[in-house]
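# Descriptive structure summary
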Amino acid sequence: MQLSQASAEKIMKDMCMEDMPLISMQPTPHQMPADWFTRYKKARHSFMQSLGESIEELAFMNLSQEEFMDLLMGRALPANTSIRMRVPICWGGEISPDNMFMCSTFPHSQNIDRFIIGQAGNETIWLPAPAKKIYIPAHTAGGGEGGNATEDRLAQMAAQFAASRGME
Amino acid sequence: MTREEFLIEFRKRGALLAPAPSRQNIATTGAILQGMQAAMLPTALSEFYAACGGIVHGAGYIFGPSEISRGTKHPVPTIIDINREMSHIPALHGKTIFGRNDLFFFAFDAFGVSYMLDNLTLRPLRKYNDIYHAMTDCLAAGKL
């Protein structure tokens with residue numbers, strides 16, 4: 001059944017992602033380029049390395065120092081995180097870091113899969129389009145009261161990251 | 001590929017292997033799946049569960065009869081939870097999802113044949129007669 005914007009938003013709300021912006025598109029199957037997998041892997045690594053500018057969202061992910069470094073160096077994703085295409089490649093989405101976002105695998109990425117699969121056969125499909133590179137639901141991103149632990153932790157990590165890249 | 005070869009390989013690659021559930025838990029899982037239009041557990045997967053309750057390899061997951069807890073991270077759901085959530089989807093009737101990564105779901109049918117499915121359209125992309133081959137593809141794509 002074709003979803004209206006309101007009904008699509010209601011489903012997202014029921015999945016505790018009421019703050020997730022949605023965009024609509026008319027999906028048309030596209031031929032996957034022969035080298036899509038190689039380009040996809042490369043784009044994933046570039047995307048991970050670009051997350052240095054998402055320091056505020058990274059702070060809410062409660063990463064260990066090792067996970068943080070592995071992520072920003074493009075080596076490995078932290079546990080329970082997924083990189084998703086904003087517009088799927090099979091519907092013409094570009095294989096580019098600009099067409100990617102990161103979120104938790106469980107429950108968010110799994111629920112987004114269900115949300116999109118549930119629209120199978122519809123002329124218009126609603127797709128999640130988070131404003132930032134990392135989606136963290138508003139209800140989990142609220143800060144605690146006082147304390148500078150997060151700020152200290154960020155400063156420490158940023159210094160280490162800069163050192164590992166030979167930056168000053 | 002045998003179960004032991006498969007487990008040795010992924011242990012070597014640093015995957016998280018969940019402890020084996022009880023025989024009773026495996027039998028109950030099979031019975032619940034049968035009751036929800038999914039495919040019953042093939043013998044090979046029941047035997048796999050007798051040694052391992054699921055695997056996490058980066059963003060690649062093999063679901064097991066019990067949740068896989070990971071400290072403060074959200075636990076990996078059970079094979080029952082995953083299939084219950086998706087039981088209303090017609091393309092999955094007669095199939096049971098047993099794994100996922102960022103691109104694909106992996107499912108088996110009532111004949112024990114495994115499939116790689118597109119994670120958004122559920123279109124079958126590859127067919128496997130050996131479930132360990134399917135699990136290897138599922139987990140390998142978890143670390144790209």
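Residues numbered from 1 in each chain as written. Chains lettered and ligands numbered in written order. Predicted model: local features only at pLDDT ≥ 70, side-chain atom pairs only at ≥ 80, totals over all residues.

### Side note on the interface of chain A and chain B
Selection rule: Each residue gets a C-beta atom placed from its backbone, and two residues are in contact if those atoms lie within 7 Å. Strands here are runs of E lasting at least two residues and helices are runs of H or I lasting at least four, both read from the DSSP assignment and numbered beginning at the N terminus. Any residue outside Ala, Val, Leu, Ile, Met, Phe, Trp, Tyr, Cys, Pro, Asp, Glu, Lys and Arg is labelled polar, Gly included; the first ten of those are nonpolar and the last four are charged.
The interface of chain A with chain B comprises 21 residues on the first partner and 19 residues on the second. Where the side of chain A that touches chain B is concerned, the elements lending two or more residues are helix 2 (36-49), strand 2 (81-85) and helix 5 (105-117) of chain A. For the side of chain A that touches chain B, the class distribution of residues is eleven nonpolar, five polar and five charged.

### Some points on the nonpolar core
Keep this limit in mind: In these notes, a nonpolar core means any group of buried Ala, Val, Leu, Ile, Met, Phe, Trp, Tyr and Cys residues linked to one another through C-beta atoms within 7 Å. With C-beta atoms placed from the backbone, a residue is labelled by how many other C-beta atoms lie within 10 Å of its own: buried for 20 or more, exposed for 12 or fewer, partly exposed between the two.
Ranked by size, the top nonpolar core spans 43 residues in total, and within it Ile62(B), Phe98(B), Phe106(B) and Ala107(B) carry the most contacts. Apart from residues lying up to four places away in sequence, Phe98(B) is in contact with Leu45(B), Ile62(B), Phe63(B), Ile79(B), Phe106(B), Ala107(B) and Phe108(B).

### Section: the sheet that holds strand 9 (residues 124-128) of chain B
Formally: One requirement defines pairing of two strands: DSSP has to find at least two bridges between them.
Overall, antiparallel pairing links the seven strands, which are arranged 1-2-3-6-7-8-9 (chain B) in an open sheet. At either end of the open sheet lies a strand with only one pairing partner, and these are strand 1 (16-17) and strand 9 of chain B.

### Details of the pairing of strand 7 (residues 104-109) of chain B
Residues and elements named next belong to chain B. Counting buried positions over the six residues of strand 7 gives five, a clear majority of the element. Once strand 6 (residues 95-100) ends, the chain turns through three residues before running back antiparallel as strand 7. Note: strand 7 against strand 8 (residues 114-118), five bridges, orientation antiparallel. Within strand 8, the residue paired with Phe 106 across the bridge is Met 116. Taking the residues between adjacent antiparallel strands as the criterion, strand 7 and strand 8 are bridged by four residues, where Gly 112 takes a positive phi near 80 degrees.

### As for helix 2 of chain A
All names here are of chain A. Where we set the bar: One less than the residue count of a helix, multiplied by 1.5 Å, gives the span that helix is expected to have. This arc corresponds to the set of directions leading from the helix axis out to the C-beta atoms.
Taking 1.5 Å as the rise per residue, helix 2 with 14 residues should run 20 Å; its terminal C-alpha atoms sit 20 Å apart, in good agreement. Those residues of helix 2 not exposed but buried are Tyr 40, Ala 43, Arg 44 and Met 48. One side of helix 2 holds all its buried residues, which, seen down the axis, span an arc of 135 degrees. Taken together, the buried residues of helix 2 touch helix 4 (65-72), strand 2 and strand 3 (100-104).

### Observations regarding the environment of Asn111(A)
Residue and element names in this part refer to chain A. Residue position: Asn 111 is located in helix 5. Spatially, the C-alpha atom of Asn 111 lies 9.9 Å from that of Ile 11, the residues being 100 residues apart in sequence. When near neighbours in sequence (up to four residues on either side) are disregarded, Asn 111 contacts Met 15 and Met 17.

### Section: the confidence of the model for chain B
The condition is simple: The predictor attaches a confidence to each residue, and that confidence, scored 0 to 100, is pLDDT.
Scored by pLDDT, chain B comes out at a mean of 94, with 100% of its residues at no less than 70. Across the assembled chains, the prediction reports ipTM 0.91 with pTM 0.88.

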